[in-house]
Amino acid sequence: MRKDFDIELCKIEASKHFMLKYMKKWNWDFHDLREAIKNAYKIDKVGRKKYEAYVRKNGSKKIIFVFYFEYDTMFIITGSEGD
């Protein structure tokens, strides 16, 4: 799986919606979020800057984010969970 960004070095920011709904529910902090994306079993590029990361950490989850190359920043938009 080829990634257009380096998850170890980029800055991670999250929307208020994602932090209050998903990070709180999943009991994650930004370290957990970085690790989950780093260990994602699948990352799809679905737009020019938009990605979907599929992770398995305490269940199956999808994290939708954009990556701003010019700022080397990943912005988490939202997430979902399923089986």
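Check the entry above for the structure.
Residues numbered from 1 in each chain as written. Predicted model: local features only at pLDDT ≥ 70, side-chain atom pairs only at ≥ 80, totals over all residues. Heavy atoms only, no water.

Draft legend 1. Focus on the pairing of strand S1 (residues 11-14). Of the two faces of S1, the one holding Ile12 and Ala14 is buried and the one holding Lys11 and Glu13 is not buried anywhere. The pairing of S1 with strand S5 (residues 73-82) spans 4 bridges and is classified as parallel. If you follow Glu13 over to S5, its bridge partner there is Phe75. (Buried < 20%, exposed > 50% of the residue type's maximum accessible area, 1.4 Å probe, protein only. Helix = DSSP H or I, 4+ residues; strand = E, 2+ residues; numbered from the N terminus. Pairing = 2+ DSSP bridges.)

Draft legend 2. Fine view of the sheet that holds strand S2 (residues 42-45). The strand order across the open sheet built from 5 strands is S1-S5-S4-S3-S2, with neighbouring strands paired in mixed fashion. Each end of this open sheet is capped by a strand with a single partner; those strands are S1 and S2. Within this sheet the neighbouring strands show an average axis-to-axis angle of 30 degrees, counted without direction. In the sheet, strand S4 (residues 60-68) pairs with S5 via 9 bridges, with the strands oriented antiparallel. Bridging across to S5, Phe67 finds its partner in Met74. Sitting on the sheet, helix H1 (residues 16-26) is in contact with S1, S4 and S5, with an inclination near 50 degrees to S5. The sheet contacts of helix H2 (residues 30-38) involve S1, S2, strand S3 (50-56), S4 and S5, and relative to S1 the element is tilted by about 110 degrees. (Axes fitted to C-alpha atoms, helices over the stretch in contact; angles between N-to-C directions. Contact = heavy atoms within 4.5 Å.)

Draft legend 3. Summary view of the environment of Glu70. For Glu70, the location among the structural elements is in the loop between S4 and S5. Among the polar contacts listed, one links the side chain of Glu70 to the side chain of Lys49, at a separation of 3.1 Å. (Polar contact = N/O pair within 3.5 Å; in protein donor to acceptor, adjacent residues only side chain to side chain.)

Draft legend 4. Spotlight on the packing of aromatic side chains. Under the defined criterion, the tally for this structure stands at 10 aromatic pairs. Ring plane angle 35 degrees and centroid distance 5.9 Å describe the contact between Phe18 and Tyr22, whose orientation is recorded as tilted. Remark: Tyr22 and Phe18 occur in helix H1; sequence separation between them is 4 residues, near one turn of the helix. With respect to burial, Phe18 and Tyr22 carry one shared label: buried. Look at Trp26 and Trp28: their rings are 4.8 Å apart centre to centre, the planes differ by 55 degrees, and that puts the pair in the tilted class. A single burial state applies to Trp26 and to Trp28, both of which are buried. It is Lys42 that lies over the ring of Tyr54; its NZ or CZ is 5.0 Å from the centre. (Phe/Tyr/Trp six-rings, centres within 6.5 Å; stacked < 30°, edge-to-face > 60°. Lys NZ or Arg CZ within 6 Å of the ring centre and 35° of its normal.)

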